[in-house]
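Geometric and topological summary
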Amino acid sequence: MDERAWIDGLRRGEPGAFDAVFAAYRRGLYGYLVRMTRRRDIAEDLLQDTFLRLAQHARKLAPDTRLSAWLFTVAHRLVISWTRAQAVRAQLAGDLPAREVGSDDRSPLGALVDSQAQIALERAFASLAPPYREVALLVGVEGLAPTEVAEILGLKPDAIRQRLSRARIQLAAALGEHSPASRRVS
Amino acid sequence: MTDHDDVANLNEVVRGLPALDVEPTTAEQIARRARNDVGRGPSPLRFVEPAIAAILAAGYLAWAVIKVIESLGG
């Protein structure tokens with residue numbers, strides 16, 4: 001079943017089409033959400049919200065909708081809302097400094113990865129500034145084209161290219177000069 | 001370095017990232033909740049809260065205007 005068939009099924013309100021889309025995009029969206037929020041529990045909530053919105057808008061989808069762009073746009077907006085809410089909560093809590101994520105082996109991501117190289121890579125990604133991390137995840141991990149990412153984030157393609165370049169440079173710096181992974185990105 | 005090189009380098013480096021997935025039971029819960037909403041559209045209850053807030057705000061505004069008129073009149 002291809003994407004067009006899934007969209008036709010969603011527009012007809014078929015649960016089977018929803019299940020197919022959920023199976024196809026669940027992992028990619030969850031990975032993006034975990035790495036953007038750095039919290040599995042929040043990522044699960046936002047994953048549910050993303051698919052709830054798909055379900056609720058199923059009948060209104062245009063026949064030529066690109067599901068990956070649609071779903072990642074929703075997920076991106078949910079991450080922004082969550083980030084803003086987090087900032088307000090932090091301020092109400094007395095401007096407590098944010099904990100350095102990636103420095104704690106007991107972090108949720110730490111529990112998920114099983115090798116030093118993977119941990120180093122996860123930490124390098126976590127150390128990227130959110131705008132760069134987001135572009136690196138969408139292009140590098142999800143394989144979306146920079147033009148698609150520009151559409152998802154509501155930015156000009158030039159801005160995406162700039163972020164992509166800076167993400168690569170920051171990633172190389174974060175991985176260190178001597179690691180094998182850094183040689184691939186420098 | 002070109003855009004293409006940036007993309008190629010990123011693609012190469014992220015190969016080392018572990019694939020993340022939600023727990024199967026959680027995934028099934030999420031799918032079940034969302035599946036029930038397929039084609040139903042957003043709940044009409046989402047209009048209730050803004051409507052109540054609008055009514056309260058309008059009532060308060062009307063009360064304030066009446067008070068101002070009363071104080072000016074007399």
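Because the structure is predicted, anything quoted here is derived from the model rather than measured.

Helix and strand counts for chain A come out as 10 helices and zero strands. The linear arrangement of helices and strands in chain A, starting from the amino end, is α-α-α-α-α-α-α-α-α-α. Residue burial in chain A is summarised as follows: out of 186 residues, 39% are buried. By sequence separation, contacts in chain A at least 24 residues apart represent 60% of the contacts at least 6 residues apart.

Residue and element names in this part refer to chain A. The geometry of helix H6 (residues 116–127) relative to helix H9 (residues 157–175) is characterised by a closest axis approach of 9 Å and an angle of 130° between their N-to-C directions. As judged from the angle between their axes, H6 and H9 are oblique. The crossing of H6 and H9 is right-handed. Facing H6, whose interface residues are Ala120, Ala124 and Ser127, H9 presents Leu171, Ala174 and Leu175. In the contact of H6 with H9, the residues fall into five nonpolar, one polar and no charged.

This part is about H6(A). With 12 residues, H6(A) should cover 16 Å at 1.5 Å per step; its first-to-last C-alpha distance of 16 Å lies within 8% of that length. Those residues of H6(A) not exposed but buried are A:Ala120, A:Leu121, A:Glu122, A:Ala124 and A:Phe125.

Along the chain, the position of B:Arg33 falls in helix H2 (residues 24–35). On the basis of neighbour count, B:Arg33 is assigned to the partly exposed category, with 13 C-beta atoms found within 10 Å. B:Arg33 sits 24 residues away from B:Ala57 along the chain, and the two C-alpha atoms are 35 Å apart. Apart from the residues within four sequence positions on either side, B:Arg33 is in contact with A:Gln48 and A:Leu52.

Angle between the axes and distance between the axes are the two parameters that describe a pair of packed helices. At a minimum axis distance of 8 Å, the contact between helix H3 (residues 40–56) of chain A and H2(B) shows a crossing angle of 30°. As summarised for this structure, H3(A) and H2(B) are arranged roughly parallel, according to the angle between their axes. Of the two elements, H3(A) crosses H2(B), and the hand of that crossing is right-handed. In this structure, H3(A) contributes A:Glu44, A:Leu47, A:Gln48, A:Phe51, A:Leu52 and A:Ala55 to the contact, and H2(B) contributes B:Thr26, B:Ile30, B:Arg33, B:Ala34 and B:Arg35. A class-by-class count of the residues in the contact of H3(A) with H2(B) yields six nonpolar, two polar and three charged.

Residue and element names in this part refer to chain A. Here the domain parsing of chain A yields domain 1 (1–98) and domain 2 (113–177). Just the C-alpha atoms count here: the centres of domain 1 and domain 2 sit 19 Å apart. Taken together, the 11 residues of domain 1 in the interface contact 14 residues of domain 2. Contributions of two or more residues to the side of domain 1 that touches domain 2 are made by helix H2 (15–37) and helix H4 (67–92). Looking at the side of domain 1 that touches domain 2, its residues break down into four nonpolar, five polar and two charged.

Before going further, it helps to examine the nonpolar core. All names here are of chain A. Counting 60 residues, the largest nonpolar core has Leu33, Leu47, Ala75, Val135, Ala136 and Leu171 as its most contacted members. With 11 residues, H2 is the single largest residue contributor to this core. Domain assignment of the residues forming this core places at least three in each of domain 1 (1–98) and domain 2 (113–177). Beyond its immediate sequence surroundings of up to four residues, Leu33 is in contact with Ala43, Leu46, Leu47, Ala75 and Val79.

Reading the values: rules and limits
Per chain, the residues get numbers from 1 upward, laid out in the order the sequence is written. All chains are assigned letters beginning with A, and all ligands numbers beginning with 1, in the order in which they are written. For this predicted model, a pLDDT threshold of at least 70 governs which residues receive local features, and a threshold of 80 or more governs which side-chain atom pairs are given and counted, while totals over whole chains, interfaces and linings are taken from all residues. Under the scheme used here, helices are H or I runs from DSSP no shorter than 4 residues and strands are E runs no shorter than 2 residues, and both carry numbers assigned from the N terminus. Partly exposed residues are those whose C-beta has more than 12 but fewer than 20 other C-beta atoms within 10 Å; with 20 or more the residue is buried, with 12 or fewer it is exposed, and the C-beta atoms are placed from the backbone. By definition, residues are in contact whenever their C-beta atoms, placed on the basis of the backbone, come within 7 Å of each other. Fitting a line to C-alpha atoms yields each axis, with helices limited to the stretch in contact; the angle taken between N-to-C directions then spans 0 to 180 degrees. With respect to orientation, any angle under 35 degrees is reported as roughly parallel, any angle over 145 as roughly antiparallel, any angle of 65 to 115 as roughly perpendicular, and every other angle as oblique. Whether a crossing is left-handed or right-handed is set by the direction in which the near helix is turned from the far one by less than a right angle, anticlockwise for left-handed and clockwise for right-handed. Each residue gets one label: Ala, Val, Leu, Ile, Met, Phe, Trp, Tyr, Cys and Pro are nonpolar, Asp, Glu, Lys and Arg are charged, and the others, such as Gly, are polar. Working rule for helices: expected span equals 1.5 Å times residues minus one. Boundaries of every domain are those given by an automatic assignment or by a domain database. Here, a nonpolar core denotes buried Ala, Val, Leu, Ile, Met, Phe, Trp, Tyr and Cys residues that are linked to one another through C-beta atoms within 7 Å.

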